[in-house]
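Fold and contact review
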Amino acid sequence: MTPITASSSGRDPEREHLLRAQAEDDDTASDTSKNYASVDVRAVTLVDQDDAETSLEDVPDHKRQLGLLSTASLIFNRVIGTGIFATPSVILRSSGSVGLSLIMWLLGATVALCGTAVYMELGTGLPRNGGEKNYLEFFYRKPKLLVTCIYAMYAVLTGWQAASCSVFGEYTLHAINPTKPPSPVATRLASVACISVALLLHGTMLRAGLRLQNALGLFKLFVLIGIAFSGLASLLQVKGFRLENPPRNFKWDTMWEGSLKGGANAFVTGLFNVIWCFIGYSNANYALAEVRDPVRTIKRAAPIAMLSVTLVYMLVNVAYLAVVDKEEIVGSGRIVAALHFGKLWGVGAERIVSVIVAMSTLGNIMATLFTHGRVVQELGREGVLPLSSFFASSKPFNAPFAGLMEQWFVTSAIVLLVPPGDAYLFMLNVSSYPLALINMFVSGGLVFIHLPDAWLPVRWRALRSSYGWHPPFRAWSIVTLFFFLSNIFLVAVPLVPPARGFRVYDALPYWLHVLVAWCISFLGVAYWYVWCVWLPRRGGYVLVRDWVRDDDGTPRRVVRKVKAT
């Protein structure tokens, strides 16, 4: 592992958050120190002279294995998970009417497409692995490592797969007995069994896990196409798809009945669920260092994937509504896809589709666990987490088993501890609300860069120029602003009490997922203070952040302790 730095002629201030550049006079041997907020930061000489001209974004060619189709597939497979199978009933209940629910899907698609443009600009400007972590560190540089610690808490403590595991449990048990609702205990046990299988595959049999994950990704696509075409065939009264008593969901006199009966809070809760169905538009940004020609590829792959997802989602929603009555969808919980085929071809088909959707959900769980286990490992490799050497290790199976196991533990705990009636929606909101917070701060930093000079004080203009932001792709400023404002809306409105008679949860307070998200943020602040301020002062050392090059030639950052003088 070799320390590296950028050339002095082309130094990028973003690349050295804690490690400040050495003085221009290379003969100067003394260390320098600065104080940022309450954190002491020292610049030290760690430059391999033979490597001084190496770009910090250089990655060995053998690491860049993802082309256009693989990158688009990375986004497509991450976006299409359990949401389109499980959330239409929640969204229809939150909106109150068929017409408003379709508008909510269009609004969610609009937010997602704007988010895609924002992350395309960020990805082309900083084409490195890491996603939101890189962008937060780029925009919010002081106090040093604060946003890194907050992001680390979200990465470690949010059970990103919990809602999907719950769907897997329900569909699996529904396949076993379609005539009887599954018990909460059995659903929880099946959910934990699912994430355990994913852990064993990705943690001990990496190649087998990837093969199964890729196969299930293709399987999802065929399932959605089948649902879309069957619904359209029923709507057109094609032989074999014709219903004796078709629902009246698209009759104008009934289409808008019950709109907004739950108030603004219910509307935003439903919108959260829609946006959760589109989560994944930034998925390729986590692995841009492994993409061939990342700037050109992300500019093409992201729009292809997200426009395809939007089209498929709208067709599938129309298909559900063409076959299943509104009231049945609202009362179906997470099994609306099974009801769709059951209406067309009977209980036997319903059982088969339940198996299909359960397998599709397993694919999404495996993909999410695969990605987030590596996020935890990367935080360990940088020295941000406690027990960093444990989380950074890939031994003994050449896989980040410790990071995967951490995600398994948090997900299993959430699945087992959340009350049965509220489990799915709470897990969904706990995953969605933190992403709205992160997107708000990321897009807010980009809005600051996009603002016209005339709108900024002179001091702020100097601050903005220090970023040196000149990405190959720039999103329209109005798109960036819309994405920023939409995330402010999503962050603020869940604090508004729901309308009288409407309950977000059966047994939990409506604001609980908001409280959990903000508590994770404050926990990140507390961790930062202890790790970066209190312990260094008590121990007589300072934290230094270096770029180093691994044995395979890949650059990464590490945080080290240096004795104070």
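Heads up: these notes are all about the structure in this document. This is a predicted model, so every value here is computed, not measured. (Residues numbered from 1 in each chain as written. Predicted model: local features only at pLDDT ≥ 70, side-chain atom pairs only at ≥ 80, totals over all residues. Heavy atoms only, no water.)

Of regular secondary structure, the chain possesses 21 helices and 5 strands. Each of the 565 residues in the chain was classed as buried or not, and the buried ones make up 58%. Of the accessible surface of the chain, which amounts to about 24000 Å², a share of 64% is contributed by carbon and sulfur atoms. (Helix = DSSP H or I, 4+ residues; strand = E, 2+ residues; numbered from the N terminus. Buried < 20%, exposed > 50% of the residue type's maximum accessible area, 1.4 Å probe, protein only. Areas by Shrake-Rupley, 256 points an atom, 1.4 Å probe, with all protein chains shown as cover.)

Further remarks concern the packing of aromatic side chains. This model, assessed by the stated rule, comprises 21 aromatic pairs. Here the aromatic rings of Phe138 and Phe139 are separated by 5.3 Å at their centres, their planes lie at 75 degrees, and the arrangement is edge-to-face. One exposure class covers both Phe138 and Phe139, and it is buried. Ring centres of Trp518 and Phe522 lie 6.2 Å apart, and the angle between their planes is 35 degrees; this geometry places the pair in the tilted category. With Trp518 and Phe522 both in helix H21 (residues 512-539), this residue pair falls 4 residues apart, about one helical turn. You can call Trp518 partly exposed: its relative accessible area is 30%. Its relative accessible area of 55% is what places Phe522 among the exposed residues. Linked through ring pairs, Phe138, Phe139, Tyr140, Phe441, Phe448, Trp460, Tyr467 and Trp469 together constitute an aromatic cluster. (Phe/Tyr/Trp six-rings, centres within 6.5 Å; stacked < 30°, edge-to-face > 60°.)

Moving on to unusual backbone geometry. Cis geometry is found at the peptide bond from Lys142 to Pro143, where omega equals -5 degrees. Take Pro143: it is sitting in the loop between helix H5 (132-139) and helix H6 (146-157). In this structure, Asp293 is a non-glycine residue whose phi angle is positive, near 45 degrees. Topologically, Asp293 is positioned in the loop between helix H11 (263-277) and helix H12 (294-323). The partly exposed category is assigned to Asp293, whose relative accessible area is 46%. Phi at Leu387 is positive, roughly 55 degrees, even though this residue is not glycine. Along the chain, Leu387 turns up in the loop between helix H15 (347-381) and helix H16 (388-392). For Leu387, a relative accessible area of 62% translates into the label exposed.

Before going further, it helps to spend a moment on the pattern of salt bridges. Across all of its chains, the model carries 4 salt bridges by this definition. Across the pair Lys133 and Glu137 runs a salt bridge whose closest N-O atoms are separated by 3.4 Å. One end of the pair, Lys133, and the other, Glu137, are both in helix H5, 4 residues apart, so they sit about a helical turn from each other. Taking relative accessible area as the criterion, Lys133 reaches 7% and is therefore assigned buried. Of the charged contacts in the structure, one is a salt bridge between Asp453 and Arg464, with a shortest N-O distance of 2.1 Å. Here Asp453, found in the loop between helix H18 (423-450) and helix H19 (458-465), pairs with Arg464, found in helix H19; they are 11 residues apart in sequence, far enough to count as distant. Given a relative accessible area of 12%, Arg464 falls into the buried group. Taken together, the shared-partner salt bridges in this structure form one network comprising Lys133, Glu137 and Glu382. (Salt bridge = Lys/Arg side-chain N within 4 Å of Asp/Glu carboxyl O.)

Time to look at a nonpolar patch on the surface. A cluster of nonpolar side chains, namely Trp476, Ile478, Leu481, Leu485 and Ile488, defines an oily patch on the protein surface of about 530 Å² accessible area. Tracing the sequence through the fold places Leu485 in helix H20 (residues 477-492). Exposure remark for Leu485: the relative accessible area of 47% places this residue in the partly exposed category. (Patch = residues over 30% accessible without salt bridge, like charges linked within 9 Å, V, L, I, M, F, W, Y side chains within 5 Å.)

With that settled, the discussion passes to the packing of H18 against H20. At a minimum axis distance of 8 Å, the contact between H18 and H20 shows a crossing angle of 145 degrees. Crossing of H18 against H20: the hand is left-handed. Judged by residue contacts, Tyr433, Ala436, Leu437, Asn439, Met440, Ser443, Gly444, Leu446, Val447 and His450 of H18 engage Ser477, Thr480, Leu481, Phe483, Phe484, Asn487, Ile488, Leu490 and Val491 from H20. Across the contact of H18 with H20, the residue classes tally to 12 nonpolar, 7 polar and no charged. (Axes fitted to C-alpha atoms, helices over the stretch in contact; angles between N-to-C directions. Left-handed = near helix turned anticlockwise from the far one by under 90°. Contact = heavy atoms within 4.5 Å. Nonpolar A, V, L, I, M, F, W, Y, C, P; charged D, E, K, R; others polar.)

Here the focus is the nonpolar core. Counting 161 residues, the largest nonpolar core has Phe85, Trp105, Leu122, Ile227, Phe278, Tyr313 and Trp531 as the members making the most contacts within it. Sort the elements by how many residues they give to this core and H18 lands first, with 17 residues. Once you skip the residues sitting within four places of it in the chain, Phe278 turns out to touch Val79, Trp105, Gly108, Ala109, Ala112, Met306, Val309, Thr310 and Tyr313. (Core = buried A, V, L, I, M, F, W, Y, C linked by side-chain atoms within 4.5 Å.)

This part takes up the side chain of Arg141. Relative to the elements of secondary structure, Arg141 occurs in the loop between H5 and H6. Overall, the relative accessible area of 15% leaves Arg141 in the buried class. Among the polar contacts made by the side chain of Arg141, one reaches the main-chain carbonyl oxygen of Phe138 at a distance of 2.8 Å. (Polar contact = N/O pair within 3.5 Å; in protein donor to acceptor, adjacent residues only side chain to side chain.)

Axis separation between H11 and H18 bottoms out at 9 Å; the angle between their running directions is 75 degrees. Comparing their axes, H18 and H11 come out roughly perpendicular. Contact residues: Thr269, Phe272, Asn273 and Trp276 in H11; Tyr424, Leu425, Leu428, Asn429, Ser431, Ser432, Tyr433 and Ala436 in H18. Of the residues in the contact of H11 with H18, the class split is 7 nonpolar, 5 polar and no charged. (Parallel < 35°, antiparallel > 145°, perpendicular 65-115°, else oblique.)

Further remarks concern H5. In terms of residue burial, H5 counts as a mostly covered element, since 8 of its 8 residues are buried. Of all the positions in H5, only Glu132, Lys133, Asn134, Tyr135, Leu136, Glu137, Phe138 and Phe139 are classed as buried.

Okay, the environment of Gly159 next. Position of Gly159 among the secondary structure elements: in the loop between H6 and helix H7 (162-176). Along the sequence, Gly159 and Gln407 sit 248 residues apart, while their C-alpha atoms lie 6.7 Å from each other. Setting aside chain neighbours within four positions, we find Gly159 in contact with Val410, Thr411, Ile414 and Ser431.

Across its 28 residues, H21 extends 38 Å between first and last C-alpha, which sits within 8% of the 40 Å expected from 1.5 Å per residue. Trailing H21 by a residue or two, Gly540 shows a phi angle of about 70 degrees, which is positive. (Expected span 1.5 Å × (residues − 1).)

This part is about the side chain of Ser97. Examined against the element boundaries, Ser97 turns out to sit in the loop between helix H3 (88-95) and helix H4 (98-125). Judged by relative accessible area, Ser97 falls into the buried class, the value being 0%. When residues no more than four places from it in sequence are discounted, the contact partners of Ser97 are Leu92, Met255, Trp256, Glu257, Gly258, Ser259 and Lys326.

Note that every value here comes from positions in space, so none of it alone points to a role or purpose.
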